[in-house]
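# Structural overview for review
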Amino acid sequence: MESNEKVPYVLTGKSYTAVAINAAAKAGEWIKSKLGMHEQLSTKTSAQDLVTEVDKGAEQMIRRLILTHFPDHAILGEESVEPGEAAAISALAEAQDEEYLWIIDPIDGTTNFVHGFPFYSISIALAHHGEVIIGVIYDPSRDEMFVAEKGKGAYVHGARMAVSGEERLAEGLIAVGFPADPVVKLPINLRGIAALAPRARSLRAGGSAALHLAHVAAGRLSGYWESGLNAWDIAAGALLVAESGGKVTDTLGESYHLGVRNIVATNGALHAEMLTVLKESDATGF
Ligand code: IPD
Ligand code: CA
Ligand code: CA
């Protein structure tokens, strides 16, 4: 090659996982520096549905980092979709057939973030023709990076994760959620919570769907169920749980896909029991 010939700039090491980890880490560091110090707090679909300038700024940061490496890829990010279930469903319908689709929740657990309660996460997934192939969830409070690649397992701090071994719901520590829609979704979840509480060892509601899933993958929770979620709450965590040997379905027991909004993710062993309790208590969300 002639010395004066222009060498095109080619990015090397285009590892999707590395880009996802880098974006989650950078956004997480910035979000953590703003914990409890947001300047603009607004509501979306209800008084409980919060958003701050940090949610929006973090999504922009993650988008920029992804597009620097993969300018042709599509991105579905919570803060770039109009609030509400109908808009979320149609945004996913439009995007899900893209060859490469990144699915981002810049802060999962905004209510916790607003209150300074250190349980929130950054969730980034990459889907290829609608199938999640990379899932990264970062917990800035504990500096835990949960990473899964389809077919290659799931890891935290470089250590392979595996779901827990409890065999019955009575031995299980189960996470649940209190969705921000007090009219339709909350009553559904409250019915399931009332039915699960006396049957499980105990229930927890941490306030971050993505972190609940990461903790199921890590074997720290036996299961998690919530009705009324969006693709960005679940996509990365579903892969983490599956790659850790767990089971992820909707509340009717159908296999996970990007459109699932009512999720059950468990260690596998107590999955059927949870599905039965949710069905009997009319808490499937269907
Ligand atoms: C919420 C959290 C919460 C769950 C809600 C979600 P956000 O996401 O995951 O745990 O109960 O249903 O909407 O609004 O903090 O990104
Ligand atoms: Ca969320
Ligand atoms: Ca969010």
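Quantities reported herein were computed from a predicted structural model and do not represent experimental measurements.

Bringing the coordination of the calcium ion (ligand 3) into the picture now. For the calcium ion (ligand 3), every protein donor is listed as Glu-78 (OE), Asp-105 (OD) and Ile-107 (O), and the spread of their distances is 2.2 to 2.3 Å. Taken as an interatomic distance, the gap from the calcium ion (ligand 3) to the calcium ion (ligand 2) is 3.7 Å; Asp-105 donates to each of them. Note that Glu-78 is positioned in the loop between strand S3 (74-77) and helix H3 (85-95) and Asp-105 in strand S4 (residues 100-108), a separation of 27 residues in sequence. For Glu-78, a relative accessible area of 15% puts it in the buried group.

With that out of the way, let us pick up the domain arrangement of the chain. Assigned domains of the chain: these are domain 1 (13-160) and domain 2 (169-280). Taken over C-alpha atoms, the centre of domain 1 sits 19 Å from the centre of domain 2. In this assembly, 44 residues from domain 1 lie in contact with 29 residues from domain 2. Together domain 1 and domain 2 conceal approximately 2700 Å² of surface at their shared face, both sides included; 68% is due to carbon and sulfur atoms. Notably, a salt bridge pairs Arg-261 with Glu-85, separated by 3.8 Å at the nearest N-O pair. Linking domain 1 with domain 2 are 11 residue pairs in polar contact (both at pLDDT 80 or more), by the criterion used here. Broken down by secondary-structure element, the contributors of at least two residues to the side of domain 1 that touches domain 2 are H3, S4, strand S5 (121-128), strand S6 (131-139), strand S7 (144-149) and strand S8 (153-156). Taken together, the residues that form the side of domain 1 that touches domain 2 break down as 22 nonpolar, 11 polar and 11 charged.

Okay, the site of ligand 1 next. Around ligand 1 sit 14 residues, and of these Asp-108, Gly-109, Thr-110, Gly-207 and Glu-226 come closest. At 3.3 Å, a side-chain N or O of Asp-105 approaches an oxygen atom of ligand 1. Here an oxygen atom of ligand 1 and a side-chain polar atom of Asp-108 are 2.8 Å apart. In the complex, 85% of the free accessible area of ligand 1, which totals 380 Å², lies under the protein chains. It is S4 that provides the largest number of residues to the shell around ligand 1, a total of three residues. Taken together, the residues that form the shell around ligand 1 break down as five nonpolar, four polar and five charged.

Bringing the layout of surface pockets into the picture now. The volume enclosed by the largest pocket comes to roughly 970 Å³. Lining the largest pocket we find 43 residues, and of these Asp-49, Phe-178, Pro-179, Ala-180 and Glu-226 sit closest to its centre. Mapped by element, the contributors of at least two residues to the lining of the largest pocket are H3, S4, helix H4 (110-115), helix H5 (185-196), helix H6 (209-217), strand S12 (223-227) and helix H7 (231-243). A class-by-class count of the residues in the lining of the largest pocket yields 15 nonpolar, 14 polar and 14 charged. Of the residues that make up the lining of the largest pocket, three or more belong to each of domain 1 (13-160) and domain 2 (169-280). Surrounding the second largest pocket, 13 residues form its lining, Val-132, Lys-150, Leu-239, Ala-242 and Tyr-256 being those nearest its centre. Residue assignment for the lining of the second largest pocket shows that the elements contributing at least two residues are S6 and H7. Considering every element that reaches the lining of the second largest pocket, the biggest residue donor is H7, with five residues. Of the residues assigned to the lining of the second largest pocket, the class counts are eight nonpolar, two polar and three charged. Inspection of the lining of the second largest pocket shows a minimum of three residues originating in each of domain 1 (13-160) and domain 2 (169-280).

Within the secondary structure, Ile-107 sits in strand S4. A C-alpha to C-alpha distance of 18 Å links Ile-107 and Leu-240, two positions 133 residues apart in sequence. Each residue touching Ile-107, except ones within four places of it in the same chain, is listed here: Ile-31, Val-54, Asp-55, Glu-78, Phe-113, Tyr-120 and Ser-121.

The subject of this paragraph is unusual backbone geometry. A positive phi angle is found at His-129, which is not glycine, with a value near 50 degrees. Looking at the secondary structure, you find His-129 in the loop between S5 and S6. Residue class for His-129 comes out exposed when judged on its relative accessible area of 54%. Its identity as a non-glycine residue notwithstanding, Asp-143 has a phi of 50 degrees, on the positive side.

Rules and cut-offs
Residues numbered from 1 in each chain as written. Chains lettered and ligands numbered in written order. Predicted model: local features only at pLDDT ≥ 70, side-chain atom pairs only at ≥ 80, totals over all residues. Heavy atoms only, no water. Donors = N, O, S within 2.8 Å, 3.2 Å for Na, K, Ca; no water. Helix = DSSP H or I, 4+ residues; strand = E, 2+ residues; numbered from the N terminus. Buried < 20%, exposed > 50% of the residue type's maximum accessible area, 1.4 Å probe, protein only. Domains from an automatic or database assignment. Contact = heavy atoms within 4.5 Å. Buried area = accessible area lost by both parts, 1.4 Å probe. Salt bridge = Lys/Arg side-chain N within 4 Å of Asp/Glu carboxyl O. Polar contact = N/O pair within 3.5 Å; in protein donor to acceptor, adjacent residues only side chain to side chain. Nonpolar A, V, L, I, M, F, W, Y, C, P; charged D, E, K, R; others polar. Near = heavy atom within 4 Å. Areas by Shrake-Rupley, 256 points an atom, 1.4 Å probe, with all protein chains shown as cover. 1 Å grid on protein atoms, 1.4 Å probe; cavity = no way out; pocket = protein on both sides within 12 Å on 5 of 7 lines; lining within 4 Å. Points joined across faces, edges and corners; volume = space filled by probe spheres on them.

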